[in-house]
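# Structural characterization, general
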Amino acid sequence: MIAEVRAGFPDAVFLAEAFTARKLMYRLAKLGFSSPIPIHLAQYKAELTEYLTELTATPVREFFRPHFFVNTPDINPVSSRTSGRPGS
């Protein structure tokens, strides 16, 4: 279906939001979702560094174009629950 829609509307954007593993997000990107939204709750600098390195220094960079959001109201990470007002 994505290919058919793109044939008629080449500027169409297909978003994919999934609470799932990276491997499945990469598969969604390969299937044609143009802007996957990764739900990645990195709590430590090392986690975020590892993930960003994967996105920029591996073959993933050829097909995965994630959008990052600073916060999303439907997720309540530990940092938001325990850091008081600065984390909200």
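Anyway, here's the lowdown on the structure attached to this text. Everything quoted here is computed from the prediction, not taken from an experiment.

Basis of the calculations
- Residues numbered from 1 in each chain as written.
- Predicted model: local features only at pLDDT ≥ 70, side-chain atom pairs only at ≥ 80, totals over all residues.
- Heavy atoms only, no water.
- Phe/Tyr/Trp six-rings, centres within 6.5 Å; stacked < 30°, edge-to-face > 60°.
- Helix = DSSP H or I, 4+ residues; strand = E, 2+ residues; numbered from the N terminus.
- Core = buried A, V, L, I, M, F, W, Y, C linked by side-chain atoms within 4.5 Å.
- Buried < 20%, exposed > 50% of the residue type's maximum accessible area, 1.4 Å probe, protein only.
- Arc of directions from axis to C-beta.

## So, the packing of aromatic side chains
The geometry of an aromatic ring pair is captured by the separation of the ring centres together with the interplanar angle, meaning the angle of the planes. Enumeration over the complete set of coordinates arrives at 2 aromatic pairs. Ring geometry for Y26 against F63: centres 6.0 Å apart, planes inclined by 85°, an arrangement best described as edge-to-face. Here F63 lies in the loop between helix 3 (45-57) and helix 4 (78-82) and Y26 lies in helix 2 (residues 22-31), a separation of 37 residues in the sequence. Three or more aromatic residues link up through ring pairs in this structure, and these residues are Y26, F63 and F64.

## Comments concerning the nonpolar core
Of all hydrophobic cores here, the largest spans 9 residues; its members are A16, M25, Y26, L28, A29, Y51, L55, V60 and F64. Examining the composition of this core, we find that 4 residues originate from one element, helix 2, more than from any other.

## Quick look at helix 2
By the burial criterion, the buried members of helix 2 are M25, Y26, L28 and A29. Projected down its long axis, helix 2 shows its buried positions confined to an angular sector of 155°, all on one face. Structural note: helix 2 exposes K23 and K30 on the side pointing more than 90 degrees away from its buried face. Just past helix 2, the residue G32 takes up positive phi, approximately 125°.

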